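These are the residues of each chain, in order.
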Amino acid sequence: VAHEAAKQIAARTACSWITDGMTVGLGTGSTAVFALDRIAELMASGYQLAGVATSSATEEQARTRGLQLLDLNEVEKLDLAIDGADEVDPAGNLIKGGGGALTREKLVALAADELVIVVDESKLVERLGAAFRLPVAILPFGWRHTLRRLSRFGEGELRTRDGLPYATDNGNHIVDLQLPGGVAPEQVMQLDHDLSVIPGVVEHGLFVGLTTRVVVGSDDRQTRIIEIPRV
Ligand code: A5P
């Protein structure tokens with residue numbers, strides 16, 4: 001699989017900010033899963049850690065590694081969340097949701113004091129959405145109407161799996177939205193707002209102003225850390 005070494009080193013490096021006693025947000029995807037291995041090692045070495053998972057897939061992966069999981073409602077806040085991303089812009093804004101977990105991922109990210117994003121170099125872009133379609137989670141009820149409302153931002157396509165509308169962990173559908181030319185860092189906040197107020201939209205995959213650090217792994221197992229000041 002592409003960039004495995006880069007993903008692994010990025011996720012392991014992100015775990016260096018975990019200290020004993022922390023409650024950690026556990027991201028979803030092929031990069032974030034490597035953090036679970038490191039967290040299991042830390043626990044084996046005596047750390048007391050608890051995790052809140054961002055998807056049922058991550059829940060499953062965490063359980064097989066023996067991690068203690070909490071529901072987001074059981075914690076007031078998280079000390080740290082570690083998650084992947086589909087795209088990262090120079091301001092640390094993200095597109096997430098390629099794996100369909102964007103709604104829980106955003107709720108966990110918002111609850112966390114710090115959000116460490118782990119990616120390989122291929123995820124770094126100048127403008128979000130120029131290459132990757134923006135995932136938008138929508139209610140199944142009346143989805144055709146919501147899709148039509150979304151189409152003023154670009155061409156949207158209902159995500160399918162095995163010929164049926166894709167269903168998220170929350171039972172929602174996903175529209176993958178083509179943003180012509182993408183969106184510049186200074187326009188991201190406006191688009192965040194414009195999408196959020198559309199009736200039928202549950203959540204969208206733009207993560208604006210949430211990232212505090214990006215760990216970029218490369219195939220030769222080097223990492224670069226980008227600190228993002230929260231404004
Ligand atoms: C899941 O919904 C996504 O937001 C993932 O975090 C994102 O797709 C990154 O996944 P990979 O690390 O597998 O590319």
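Model, not experiment: these values are computed from the prediction.

1. Structural notes on the site of the ligand
Here is step 1: Near the ligand lie 17 residues; those nearest to it are Ser30, Thr31, Asp86, Gly97 and Glu105.
Here is step 2: Alanine 101 is positioned such that a nitrogen or oxygen atom in its backbone is 2.8 Å from an oxygen atom of the ligand.
Here is step 3: Coverage of the ligand by the protein chains reaches 90% of its 380 Å² of free accessible surface.
Here is step 4: Given that more than half its atoms are within 2 Å of the pocket grid, the ligand belongs to the largest pocket.
Here is step 5: Split into classes, the residues belonging to the shell around the ligand amount to 3 nonpolar, 9 polar and 5 charged.

2. Considering the pattern of salt bridges
Here is step 1: Here the structure, examined in full by the defined rule, presents 12 salt bridges.
Here is step 2: In this structure, glutamate 105 engages lysine 96 in a salt bridge whose closest nitrogen and oxygen atoms are separated by 3.2 Å. The pair glutamate 105 / lysine 96 is uniform in exposure class, with both members buried.
Here is step 3: With a shortest N-O distance of 3.0 Å, glutamate 114 and arginine 213 are connected by a salt bridge.

How each quantity is defined
Residues numbered from 1 in each chain as written. Predicted model: local features only at pLDDT ≥ 70, side-chain atom pairs only at ≥ 80, totals over all residues. Heavy atoms only, no water. Near = heavy atom within 4 Å. Polar contact = N/O pair within 3.5 Å; in protein donor to acceptor, adjacent residues only side chain to side chain. Areas by Shrake-Rupley, 256 points an atom, 1.4 Å probe, with all protein chains shown as cover. 1 Å grid on protein atoms, 1.4 Å probe; cavity = no way out; pocket = protein on both sides within 12 Å on 5 of 7 lines; lining within 4 Å. Sits in = over half its atoms within 2 Å of the grid points. Nonpolar A, V, L, I, M, F, W, Y, C, P; charged D, E, K, R; others polar. Salt bridge = Lys/Arg side-chain N within 4 Å of Asp/Glu carboxyl O. Buried < 20%, exposed > 50% of the residue type's maximum accessible area, 1.4 Å probe, protein only.

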